[in-house]
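Reading the structure
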Amino acid sequence: MTGHSKLWACGGLAGLALAVVPCAIKAASKNNRKADKTHFEFGGPVGAYMTMFSLPGVILFLYSSCRKDFMMPGVDFPALLRMKPPLLEELFSGRAAAIIAGWFGFQVLLERLLPGKVVEGVDLATAGGKGRLAYRMNGHLAFWTSLAALAGCGGGLSGFFDE
């Protein structure tokens, strides 16, 4: 079996598992469900913990196996174990942090300045609070304004990302 066919086989098995496992869990939970049982998304607290616990490893695996100087031929996990872990300088870029902070700041400005209907959220009394939180419903307008701003910059933004 060649490296590419192994990769396609593993990808196919992973896709099949991603499609079958949630259906099996849902079918099993229908049989044991009680009327007053709370429904949790993503497997409840255990699933949320496992997601938070496993995500850094998945990101490190993808970073290690998709770099310019290394391409994993097929499924060669020993080659990954022989690799040196990346240095902190390789993982963090001040320029990238500045770009993300600028984009986030731009989105905050749009949320505060663009018009939109203000609606009240859920009652906070059940959690020991008072009243309701107010939300400005201008996300659709913020999306189109962001898109127009990016289009207005034209190719000028490529200087931010190209090194």
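Quick note: structure is the one above.
Residues numbered from 1 in each chain as written. Predicted model: local features only at pLDDT ≥ 70, side-chain atom pairs only at ≥ 80, totals over all residues. Heavy atoms only, no water.

Turning to the overall build of the protein chain, a few remarks are in order. The secondary structure content of the protein chain amounts to seven helices and two strands. In the protein chain, the succession of α and β elements from N to C terminus is α-α-α-α-α-β-β-α-α. The 163 residues of the protein chain split such that 11% are buried. Taking the contacts inside the protein chain whose residues are at least 6 apart along the sequence as the reference set, 36% of them involve residues at least 24 apart. Approximately 13,600 Å² of the protein chain is accessible, and the part contributed by carbon and sulfur atoms is 70%. (Helix = DSSP H or I, 4+ residues; strand = E, 2+ residues; numbered from the N terminus. Buried < 20%, exposed > 50% of the residue type's maximum accessible area, 1.4 Å probe, protein only. Contact = heavy atoms within 4.5 Å. Areas by Shrake-Rupley, 256 points an atom, 1.4 Å probe, with all protein chains shown as cover.)

A few words on the packing of helix 5 (residues 94-113) against helix 6 (residues 139-153). With their axes 10 Å apart at the nearest point, helix 5 and helix 6 run at an angle of 130° to one another. With respect to their mutual orientation, helix 5 and helix 6 come out oblique. For the crossing formed where helix 5 meets helix 6, the hand is right-handed. Contacts from Trp 103, Phe 106, Gln 107 and Leu 110 of helix 5 reach helix 6 at Ala 142, Thr 145, Ser 146, Ala 149 and Leu 150. Classifying every residue of the contact of helix 5 with helix 6 by side-chain character gives six nonpolar, three polar and no charged. (Axes fitted to C-alpha atoms, helices over the stretch in contact; angles between N-to-C directions. Parallel < 35°, antiparallel > 145°, perpendicular 65-115°, else oblique. Left-handed = near helix turned anticlockwise from the far one by under 90°. Nonpolar A, V, L, I, M, F, W, Y, C, P; charged D, E, K, R; others polar.)

Before going further, it helps to spend a moment on the pattern of salt bridges. Here the structure, examined in full by the defined rule, presents one salt bridge. Salt-bridge contacts for Arg 112 lead to Glu 111; the nearest nitrogen and oxygen are separated by 3.3 Å. (Salt bridge = Lys/Arg side-chain N within 4 Å of Asp/Glu carboxyl O.)

Note that Ser 146 resides in helix 6. When its relative accessible area of 6% is taken as the criterion, Ser 146 is described as buried. Residues contacting Ser 146, with those up to four places away along its chain left out, are Trp 103, Phe 106, Gln 107 and Leu 110.

Within the element layout of this structure, Asn 138 appears in the loop between strand 2 (132-137) and helix 6. Of the residues examined, Asn 138 reaches a relative accessible area of 4% and is grouped as buried. Those residues in contact with Asn 138 that sit more than four places away from it in its chain are Leu 110, Glu 111, Leu 114, Pro 115 and Gly 116.

Let us now look at the packing of aromatic side chains. If you walk through the whole model with that rule in mind, you get three aromatic pairs. Arranged with centres 5.8 Å apart and planes meeting at 15°, the rings of Tyr 49 and Phe 53 form a pair that is stacked. Of this pair, Tyr 49 and Phe 53 both sit in helix 2 (residues 44-65), four residues apart, which is roughly one turn of the helix. Overall, the relative accessible area of 57% leaves Phe 53 in the exposed class. The interplanar angle of 50° and the centroid separation of 5.7 Å between the aromatic rings of Trp 103 and Phe 106 together place this pair among those described as tilted. Of this pair, Trp 103 and Phe 106 both sit in helix 5, separated by three residues, roughly a single helical turn. Among the residues examined, Trp 103 registers a relative accessible area of 40% and is labelled partly exposed. (Phe/Tyr/Trp six-rings, centres within 6.5 Å; stacked < 30°, edge-to-face > 60°.)

In this section: a nonpolar patch on the surface. Side chains of Leu 55, Val 58, Ile 59, Phe 61, Leu 62 and Phe 77 sit close together on the surface and give an oily, nonpolar patch of about 530 Å² of accessible area. Looking at the nonpolar patch, the element that brings in the most residues is helix 2, giving five residues. Within the fold, Phe 61 resides in helix 2. (Patch = residues over 30% accessible without salt bridge, like charges linked within 9 Å, V, L, I, M, F, W, Y side chains within 5 Å.)

The next subject is helix 6. Compared with the 21 Å implied by 1.5 Å per residue over 15 residues, the 21 Å span of helix 6 between its first and last C-alpha is a close match. Downstream of helix 6 by a residue or two, Gly 154 has a phi angle that is positive, lying close to 60°. (Expected span 1.5 Å × (residues − 1).)

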